[in-house]
Amino acid sequence: MNKFKNIFLLLLLGVVLFYACDDQTGFQNPFLDIDHEELALADNDTLVKFLKSHYYDTSVDSVKTLIDGKTPLFEDDKLETVSAVRNEIDYKLYVYRTRVGDPSPDTDKGFPSIADSVFTKYSGQAIVNGSDLGTNFDSNTNGAWFSYSNLAVRGWSYGFELFKGGYLKKEANGDPFNGPITYLNGGKGVLFIPSGLAYTSINPNNYTSNLVNANLMFYVELLDFVKDTDHDNDGTPSADEDANGDGDLTNDFSDTDRPTLPDYLNPNV
């Protein structure tokens, strides 16, 4: 009797798991009920609330809670609003520039495109409840290279378009600096990024992230970038392989023989 009872319980458990899981992956989507268009609007409200209740303290190069006599970030003329489309949803991110950047005396490459690889210092924090900041979850004070193809926080692609890189430090006589590689006068500021351009739950890879659907703030300093980055080395800058012109290189598939390979990674396109 116990044997049949155990079999029945196992069958029942199997039925429960079957209906609780996604038919394609076998895993349950804990964010199935989220309306990401509504979340984008809520995220913007959160970011605006934060920008209205904080200011930039130039004495310590940091964002601080607003006090009397200071200009809120939202009213500061150094703040810029950038519109972006991702997963067919309209987003706004905000960029506070403390320094645009000046590559002189090196060649001025202008501003990076959305697809250009960047070399940057950074530190990131989550914006909590529109009023508080979490602890740093990631940072690099020496500089690290990031490519469009492996960028986890897509908001960076849009934010860095507003900065120029710096220049390599040299000896007084113009010779290469006899010390660690040092960049000077790179573009510097703060990125305020909505969750849809960060660790969005639209991407299943973010389901287990502590930062899923969180709005983020990054202090950044653009040291250098690769102008006209060509990810597939086909002679065409990746920024020019955005076939539908929506600013998202990951959803352009022109090669019917390789329908899952984006154009910017496909040397045959």
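Residues numbered from 1 in each chain as written. Predicted model: local features only at pLDDT ≥ 70, side-chain atom pairs only at ≥ 80, totals over all residues. Heavy atoms only, no water.

Student: Explain the overall build of the chain to me, please; I cannot follow it from the model alone.
Tutor: Counting its regular elements, the chain contains 3 helices and 11 strands. Sequence-ordered secondary structure for the chain, helices as α and strands as β, is α-α-β-β-β-β-β-β-β-α-β-β-β-β. Every one of the 269 residues in the chain was classed for burial, and the buried ones make up 42%. Across the chain, the fraction of contacts at a sequence separation of at least 24, relative to all contacts at a separation of at least 6, is 64%. With the model as given, the accessible surface of the chain reaches about 15200 Å², and the carbon-plus-sulfur share is 50%. (Helix = DSSP H or I, 4+ residues; strand = E, 2+ residues; numbered from the N terminus. Buried < 20%, exposed > 50% of the residue type's maximum accessible area, 1.4 Å probe, protein only. Contact = heavy atoms within 4.5 Å. Areas by Shrake-Rupley, 256 points an atom, 1.4 Å probe, with all protein chains shown as cover.)

Student: How do you make sense of the packing of aromatic side chains when you look at a structure like this?
Tutor: The description of an aromatic ring pair uses the distance of the two centres, along with the angle that the planes make with each other. Under the defined criterion, the tally for this structure stands at 13 aromatic pairs. A network of ring pairs unites the aromatic residues Tyr122, Phe137, Phe146, Trp156, Phe160, Phe163 and Phe218 as a single cluster. Note that arginine 154 overlies the ring of tyrosine 148, its terminal NZ or CZ placed 3.9 Å from the centroid. (Phe/Tyr/Trp six-rings, centres within 6.5 Å; stacked < 30°, edge-to-face > 60°. Lys NZ or Arg CZ within 6 Å of the ring centre and 35° of its normal.)

Student: Would you explain the pairing of strand β10 (residues 187-193) in this entry?
Tutor: A regular strand places its side chains on the two faces of the sheet in alternate fashion. The buried fraction of β10 amounts to 6 of the 7 residues, a majority that puts the element mostly inside the structure. One ladder, built from 5 bridges, connects strand β4 (residues 89-99) with β10; its direction is antiparallel. Residue pairing for β10: arginine 99 is matched across the bridge by lysine 188. Relative to strand β11 (residues 215-225), β10 runs antiparallel, the two being bridged by 7 bridges. From the neighbouring strand, isoleucine 193 faces β11, where its bridge partner is leucine 216. (Pairing = 2+ DSSP bridges.)

Student: Please explain the pattern of salt bridges as it appears in this structure.
Tutor: Oppositely charged side chains may form a pair once their charged atoms are brought near each other. Summed over all chains, the structure comprises 7 salt bridges. Lysine 164 is the salt-bridge partner of aspartate 108, the closest N and O atoms lying 2.9 Å from each other. Taken as a pair, aspartate 108 in the loop between β4 and β5 (118-128) and lysine 164 in the loop between α3 (155-159) and β8 (167-168) lie far apart in primary sequence, 56 residues in all. The buried category is assigned to lysine 164, whose relative accessible area is 18%. (Salt bridge = Lys/Arg side-chain N within 4 Å of Asp/Glu carboxyl O.)

Student: Please clarify how a negative patch on the surface should be interpreted in this entry.
Tutor: A contiguous patch of negative charge, built from Asp35, Glu37, Glu38 and Asp90, is present on the exposed surface. Structurally, aspartate 90 can be placed in strand β4. (Patch = residues over 30% accessible without salt bridge, like charges linked within 9 Å, V, L, I, M, F, W, Y side chains within 5 Å. Lys, Arg positive; Asp, Glu negative; His and termini not counted. Charge placed at Lys NZ, Arg CZ, Asp CG, Glu CD.)

Student: I keep staring at the environment of leucine 66 and nothing clicks. Help me out?
Tutor: Within the secondary structure, leucine 66 sits in the loop between β2 (62-65) and β3 (79-86). Sequence-distant contacts of leucine 66, that is, excluding residues within four places in its chain, are made with Lys52, Ser53, His54, Tyr55, Thr71 and Pro72.

Student: I'm lost on unusual backbone geometry in this one. Help?
Tutor: Most of the time, phi is negative for any residue but glycine, and the peptide bond is trans. Cis geometry marks the peptide bond from serine 104 to proline 105; its omega dihedral reads 15 degrees. You can see proline 105 is positioned in the loop between β4 and β5. At asparagine 87, a residue that is not glycine, the phi angle is positive and equals roughly 55 degrees. Within the secondary structure, asparagine 87 sits in the loop between β3 and β4. Residue asparagine 87 is classed as partly exposed on the basis of its relative accessible area of 39%.

Student: Can you walk me through the nonpolar core in this structure?
Tutor: If you look at soluble globular proteins, the nonpolar side chains tend to sit buried side by side. In this structure, Val153, Trp156, Leu191, Ile193, Leu216 and Phe218 are the most contacted members of the largest nonpolar core, which totals 36 residues. Elements that contribute at least two residues to this core include exactly β3, β4, β5, β7 (138-146), α3, β10 and β11. With sequence-adjacent residues up to four places away left out, valine 153 is seen in contact with Ile193, Leu197, Ala198, Tyr199, Leu216 and Phe218. (Core = buried A, V, L, I, M, F, W, Y, C linked by side-chain atoms within 4.5 Å.)

Student: Help me understand helix α2 (residues 36-52) in this model?
Tutor: Side chains of residues three or four places apart in an α-helix project in the same direction, reflecting 3.6 residues per turn. For α2, built from 17 residues, the straight-helix expectation of 24 Å at 1.5 Å per residue is met to within 8% by its first-to-last C-alpha distance of 24 Å. Of the positions making up α2, those classed as buried are His36, Ala40, Asp43, Asn44, Leu47, Val48, Phe50 and Leu51. Each buried residue of α2 lies within a common arc of 160 degrees when the element is viewed along its axis, so the set occupies one face. Exposed side of α2, more than 90 degrees from the buried face: Glu38, Leu41 and Asp45 are the residues found there. (Expected span 1.5 Å × (residues − 1). Arc of directions from axis to C-beta.)

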